[in-house]
Amino acid sequence: MEFNATLFGEILSFAILIWFCVQFIWPHILNAIEERQKKIAEGLAAAERARTELKDADARVAVEIKKARQQAAEIIDKAQQQANQILDKAREDAVAELNRQKAAAQAEIASMAQRAREQLREQVGSLAVKGAEKIIQREIDASAHKALLDQLAAEI
Amino acid sequence: MASEAQQGGLTEYIQHHLTHLSPHVSEGGFWSVHLDSLTVSLALGVLFALWFWTTARKATAGVPGRTQAFIELVVEFVDGQVKDVFHGDRRFLAPLALTVFVWVFLMNAMDLLPVDLLPWILAKFGVGHFRAVPTADVNMTFAMSLTVFVLIIFYSFKAKGVGGYMHELFTAPFGAHPLLWIPNFALNLVELASKPVSLAMRLFGNMYAGELVFMLIAGLLGAGSWALFGLGVIGYTAWGIFHILIISIQAFIFMVLTIVYISMAHDHH
């Protein structure tokens, strides 16, 4: 053990080393470490956020799907209703048209029958008159008995 | 040196190895310097500074390289030690602790070089004496512990103010009664002085003893008997492996005590 000026030389070098470390080494390394820690923390937070967001999105999707299904069911219901309505209306229209045409045909048939009857009556009248003329040509004057014959024709 | 060991025996061999390289070896006056301690400690200090500095300059917050990862490991270890003990601004204390730890470790690690290697190489260049382990030199260990001592005083004044620190020196630990001022002060002086002395002597003693054991075992190698040679090889290896533990622990203790002493300077009694 001997003390000498080495002591001062070593104190000086120690002081310089401390200064150098404080000034140039420590801050850089610690900065890098802290920055990385921050990055990792941010990454973890982002992952956590993404996970919760995914869960939210899943829930939202489920709700949307449910809603869409409901809407689809409603639309189908409505369409069916509408189709039924259209069908009913068409049926009604068809029935109405049928009835109308039937009525028109019946009316025509009735008028034609009427006309035929009229003609028939007239022909029968004239036939009866002609027959009667032939039978009683001599004693009966056509003009004198015309009124009687018309009355007969009307009664037939 | 084997040749000298044969000439003068083990005592001379060890005495030779325990002599510092100093321009005034014979005089041994105070104003001489131990060139070996100075050069080795400076070289290791520069190695530490440049190594950490180049890595720190390129340090990235992304994926670190191997060197950066290793240095970050050391830095975070030291920072954790400081954080455990000291609850304040670590911008000075933590790098101080890092410097102490790495520098002391590197200087201690010189003990792991074969005890004759550097003296043998340097003898070829005409250098007569060389001690490779700066921490086995009291000047080195006291230089560090006295610097720490100055920092203890500085932070005591800084944290408590001149009046506060004086008050503490005279009134703690016994009490503020005027009769107790002198005992308090005396006790505090002893406590204060014991810190740098114990810090320096612990490291010096461990490294000096370790070096001495290496020399004793190395003396067996040149003793001229194959049995002693084999014993020497085994002993040297075993002591070397054990010494890895010692140099790490001594560096760690020096660092932790530095942190503890300086953080104690911040504490109010």
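Definitions and limits used
- Residues numbered from 1 in each chain as written.
- Chains lettered and ligands numbered in written order.
- Predicted model: local features only at pLDDT ≥ 70, side-chain atom pairs only at ≥ 80, totals over all residues.
- Heavy atoms only, no water.
- Helix = DSSP H or I, 4+ residues; strand = E, 2+ residues; numbered from the N terminus.
- Buried < 20%, exposed > 50% of the residue type's maximum accessible area, 1.4 Å probe, protein only.
- Contact = heavy atoms within 4.5 Å.
- Lys, Arg positive; Asp, Glu negative; His and termini not counted.
- Charge placed at Lys NZ, Arg CZ, Asp CG, Glu CD.
- pLDDT = per-residue confidence, 0-100.
- Salt bridge = Lys/Arg side-chain N within 4 Å of Asp/Glu carboxyl O.
- Core = buried A, V, L, I, M, F, W, Y, C linked by side-chain atoms within 4.5 Å.

1. Comments concerning the overall build of chain B
Helix and strand counts for chain B stand at 8 helices and 0 strands. Reading chain B from its N end, one meets helices and strands in the order α-α-α-α-α-α-α-α. For chain B, the spread of C-alpha atoms along the principal axes amounts to about 70 × 60 × 35 Å. Counting every position in chain B, which comprises 269 residues, the buried fraction comes to 43%. Pairs at least 24 residues apart make up 69% of the contacts formed inside chain B by residues separated by at least 6 positions. Mean positive and mean negative side-chain charge positions of chain B (12 and 16 charges, respectively) differ by 11 Å.

2. Concerning the confidence of the model for chain B
Residue and element names in this part refer to chain B. Per-residue confidence for chain B gives a mean pLDDT of 87, with 94% of residues at or over 70. Across chain B, element-level confidence peaks in helix 4 (residues 93–109) with a mean pLDDT of 95 and bottoms out in helix 1 (residues 2–17) with 65. In the predicted structure, residues 1–7 sits below a pLDDT of 50 and forms 11 contacts with residues beyond four places in sequence or in another chain. Taken over the whole predicted complex, pTM reads 0.75, whereas the ipTM for its chain interfaces reads 0.85.

3. Topic: the side chain of B:K195
All names here are of chain B. Mapped onto the secondary structure, K195 falls in helix 7 (residues 181–221). Notably, K195 is buried but unbridged: the nearest opposite-charge side chain belongs to E191, and the N-O separation is 4.1 Å. Contact partners of K195, with chain neighbours within four places excluded, come to I152, Y261 and M264.

4. Digging into the nonpolar core
By size, the foremost hydrophobic cluster in this structure holds 62 residues, and its most contacted members are B:L98 and B:M144. Of all the secondary-structure elements, those providing two or more residues to this core are helix 1 (6–135) of chain A together with helix 2 (35–58), helix 3 (66–85), helix 4, helix 6 (138–171), helix 7 and helix 8 (226–266) of chain B. The dominant element in this core, judged by the number of residues it contributes, is helix 4 of chain B, at 12 residues. If we skip the residues at most four places from it in the chain, B:L98 touches A:C21, A:I25, A:W26, B:F52, B:V74, B:V75, B:V78 and B:W103. Within the second largest apolar cluster, 11 residues are counted, among which are B:Y13, B:M215, B:A218 and B:W239.

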